[in-house]
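# Reading the structure
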Amino acid sequence: MRPYIVAGLLFAAALAPVAPAIAQTPAVAAQRTPPPHGAEVYIISPKSGATVHNPVLVQFGLKGMGVAPAGVKFDGTGHHHLLIDTDAPADLAAPLPATDKIVHFGKGQTETTVTLTPGKHTLQLLLADQNHVPHQPPVTSKKITITVAQ
Ligand SMILES: [Cu+2]
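Residues numbered from 1 in each chain as written. Predicted model: local features only at pLDDT ≥ 70, side-chain atom pairs only at ≥ 80, totals over all residues. Heavy atoms only, no water.

Following the criterion strictly, the structure yields one aromatic pair and no others. Ring centres of Phe60 and Phe105 lie 5.0 Å apart, and the angle between their planes is 65°; this geometry places the pair in the edge-to-face category. Of this pair, Phe60 sits in strand S3 (residues 56–63) while Phe105 sits in the loop between strand S6 (102–104) and strand S7 (111–114), placing them 45 residues apart in sequence. (Phe/Tyr/Trp six-rings, centres within 6.5 Å; stacked < 30°, edge-to-face > 60°. Helix = DSSP H or I, 4+ residues; strand = E, 2+ residues; numbered from the N terminus.)

Right under this line is the structure:
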């Protein structure tokens, strides 16, 4: 009984930064934020095709736009999401879910380290607004493929 309750609390704590925005889904879904003209997001490192070792440092590049933490409304900004071995969700009008494969950087981080299984993986960045909803049109990077060495 007790371990079950503890696990539940940890799960709730992990979702806490994202949950308030998701609760507002119906209100925000209709009005997606336009990005500044020419805004561009890209992965600085690793380079596509690179063979890398764990932990993998992933650095996020952004041009023509600023980074702001989730929950902070400021024109011309967003926060990063790293898509690991997945495509962006089909419905970009909804807040991005937080999963193992869609990692939010809601504090405004511009790099991270990930530990991946040996072999090929894809990485892609997708920016979203203060409510975790991607801009319209979406600001997303090229999807890169890397190989993680044994
Ligand atoms: Cu987010």
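Soluble globular proteins tend to bury their nonpolar side chains together. Core analysis: the biggest nonpolar cluster contains 21 residues, and Val56, Val58, Leu82, Val114, Leu123 and Ile146 have the highest contact counts within it. Contributing elements (two or more residues each) for this core: strand S1 (40–45), S3, strand S5 (77–84), strand S8 (119–128) and strand S9 (144–148). Aside from chain neighbours lying at most four places away, what touches Leu123 is Ile43, Pro46, Val58, Leu82, Leu83, Ile84, Lys142, Lys143, Ile144 and Ile146. Among the nonpolar cores identified, the runner-up in size contains six residues, and Leu92, Ile102, Leu126 and Ala128 belong to it. (Core = buried A, V, L, I, M, F, W, Y, C linked by side-chain atoms within 4.5 Å. Buried < 20%, exposed > 50% of the residue type's maximum accessible area, 1.4 Å probe, protein only. Contact = heavy atoms within 4.5 Å.)

On to the coordination of the copper ion. Protein ligation of the copper ion involves His79 (NE2), His81 (NE2), His104 (ND1) and His132 (ND1), the donor distances falling in the range 2.1 Å. Coordination of the copper ion draws on donor residues from a single chain, spaced H-x1-H-x22-H-x27-H in sequence. Placement of His79 in strand S5 and of His104 in strand S6 is noted, with a sequence separation of 25 residues between them. Looking at His104, the relative accessible area reads 15%, which means it is buried. (Donors = N, O, S within 2.8 Å, 3.2 Å for Na, K, Ca; no water.)

The next point concerns the side chain of His104. Polar side-chain contacts of His104 include one of 2.9 Å to the backbone oxygen of Pro97. A polar side-chain atom of His104 sits 3.0 Å from a polar atom in the side chain of His132. (Polar contact = N/O pair within 3.5 Å; in protein donor to acceptor, adjacent residues only side chain to side chain.)

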